[in-house]
Amino acid sequence: MSMLELRNLPSVERVLNSTALESAVHSFGRNGVVDLTREALTAARGKVMSGEPAPTAEDVAHQVLKLIGELAAPSPRPVINATGVIIHTNLGRAPLSEAAMWAAQAAAFGYSDLEIDLGTGRRGSRQAHLQSLLRRITGAEAALVVNNNASALLLGLSALAAGREVVVARGEAVEIGGGFRIPDVLRQSGCTLVDVGTTNRTYVRDYADAISDDTAAFLKAHASNFRIEGFTAEVNERDLADLGDGAGIPVLHDIGSGALLPTERYGLAHEPTPQESIAAGVGLVFFSGDKLLGGPQAGIVVGKSDLVQRLERHPLARAVRIDKMSLASLTATLVHYVYGDAETEIPVWRMISADPDTVHARALSWSDAVNSAKSGKTSVLPSRAAIGGGSLPGETLPSWTLSVAPQNGASPESVLAALRSQPTPVIARIEDDTVRLDPRTVLPDQDETVLRALISVMDQASLS
Ligand SMILES: *Cc1c(COP(=O)(O)O)cnc(C)c1O
């Protein structure tokens, strides 16, 4: 029967001639539409073989339009972060400030003086402006910016320590996530890891005892995403830098997040800053552009000139070079720190510094709007917002959430899924069996969209 049915499959030609595909052939080109028609017919043939009736030419044409729609869909798609996790790695980490966004757009859209000195007309450095900002902000002698912090470390270790030993405390041979492990990066850079101390305690004498003729560096890595509590001891940067100075061994410090503002000002634990590492005499400090710094993806290295120069001259520097859009938006982000308006202009810091009362008022206004539009039950409950992005593990900020109790036996998971399937997906979370939306991480102009999504989802839930 299915063999007979196969003969009823429309030909490529008939599908192409269907009115539904007229404008697609115009805008997408005949060849492209032919390819997609073949794909759609192959899929249809499979279905017919498994017993389904043959589709009409119009059916296949609509399938082709769907395939075109999928191909042309923007990706990544914008979503609304209502999770209360400020630096959400799966949602693209830090949203940019308006100035940083425009800077990236300007760099992307036209030509720029990326590598030309406008004074002399000769070749210039793409890093020059960024370097002067970073020196001013961190107090370092020199700076270099690359693709991300993982590549910055790979470059640093390759340039300074390939074929030699790097001393790391056992408690700092960590995995950051996303497949990034300090011991693996060391191996990949051609270094030998010499681990010292114990998981919970390491002393200066442990580092001192490990020094050999082959020691190229001491590496300190910030345990960004976990915390060891209790009977612990670690060596601070200053003591390690002093030990290194005596032996001609530089300290490399991977601080991860790169907070340029003091986190303790916002009731959070202290996150190490590049400024204090530099002041402690560390050789090189490594950090990310898109975590607490609040800018684009980038890896930033600041420190002593002779060390930074060795990184600049290493062949890997070219392989992990920063692109012009990230460079432009990172520059604009750093200008906020120089101007002193980081807390109001950079979204990550605006979210961290948001007053709980303001978050509460916003959650209440959402709840009022939803409850008056719908029979649905929402309430406003106290909650905690997290920093995320492997920064400040376990540290939270007092916040407020809109709590959506699922209707008619719908599971909280199904409400989360319905929110994700909205035209602009809304990402929420589950707490105590209710769906929670935290206004703290929702951008100021997104309230309308959140409300539209909520009302639509609650309509669906009460219909079913
Ligand atoms: C996040 C992190 C990295 C990786 O930084 P990317 O910019 O994501 O490459 C490296 N080290 C530490 C300590 C981190 O927290």
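Residues numbered from 1 in each chain as written. Predicted model: local features only at pLDDT ≥ 70, side-chain atom pairs only at ≥ 80, totals over all residues. Heavy atoms only, no water.

J.: Explanation requested: the nonpolar core in the structure shown.
T.: As a rule of thumb, nonpolar side chains are buried together in soluble globular proteins. By size, the foremost hydrophobic cluster in this structure holds 52 residues, and its most contacted members are Y207, L292, V302, L334, Y337, I352 and I387. Each of domain 2 (80–87 + 350–461) and domain 3 (96–345) contributes no fewer than three residues to this core. Setting aside its immediate chain neighbours within four residues, Y337 contacts I137, L260, L261, L292, L293, A342, I346 and W349. A161, F180, L252 and F286 belong to the second largest nonpolar core, which has 31 residues in total. (Core = buried A, V, L, I, M, F, W, Y, C linked by side-chain atoms within 4.5 Å. Buried < 20%, exposed > 50% of the residue type's maximum accessible area, 1.4 Å probe, protein only. Domains from an automatic or database assignment. Contact = heavy atoms within 4.5 Å.)

J.: Which parts of the structure should I look at to understand the site of the ligand?
T.: Every residue lining the ligand is accounted for by R93, N148, N149, A150, I176, F180, H222, S224, D254, G256, S288 and K291. In the environment of the ligand, an oxygen atom lies 2.9 Å from a nitrogen or oxygen atom belonging to the side chain of R93. Backbone polar atom of N149 to an oxygen atom of the ligand: 3.0 Å apart, as the coordinates give it. Sorting the residues of the shell around the ligand by element identifies α8 (149–161) and β9 (251–256) as the ones contributing at least two each. Among the residues forming the shell around the ligand, the class breakdown is three nonpolar, six polar and three charged. (Near = heavy atom within 4 Å. Polar contact = N/O pair within 3.5 Å; in protein donor to acceptor, adjacent residues only side chain to side chain. Helix = DSSP H or I, 4+ residues; strand = E, 2+ residues; numbered from the N terminus. Nonpolar A, V, L, I, M, F, W, Y, C, P; charged D, E, K, R; others polar.)

J.: I would appreciate a short explanation of the layout of surface pockets in the present structure.
T.: Remark: the empty space left among the atoms is shown by a probe the size of a water molecule rolled over them. Its volume calculated, the largest pocket comes out at about 820 Å³. Surrounding the largest pocket, 28 residues form its lining, V79, L91, P95, L443 and Q446 being those nearest its centre. Those elements that place two or more of their residues in the lining of the largest pocket are β1 (80–81), α6 (98–109) and α17 (347–353). The element contributing the most residues to the lining of the largest pocket is α17, with three residues. By residue class, the composition of the lining of the largest pocket is 15 nonpolar, seven polar and six charged. (1 Å grid on protein atoms, 1.4 Å probe; cavity = no way out; pocket = protein on both sides within 12 Å on 5 of 7 lines; lining within 4 Å. Points joined across faces, edges and corners; volume = space filled by probe spheres on them.)

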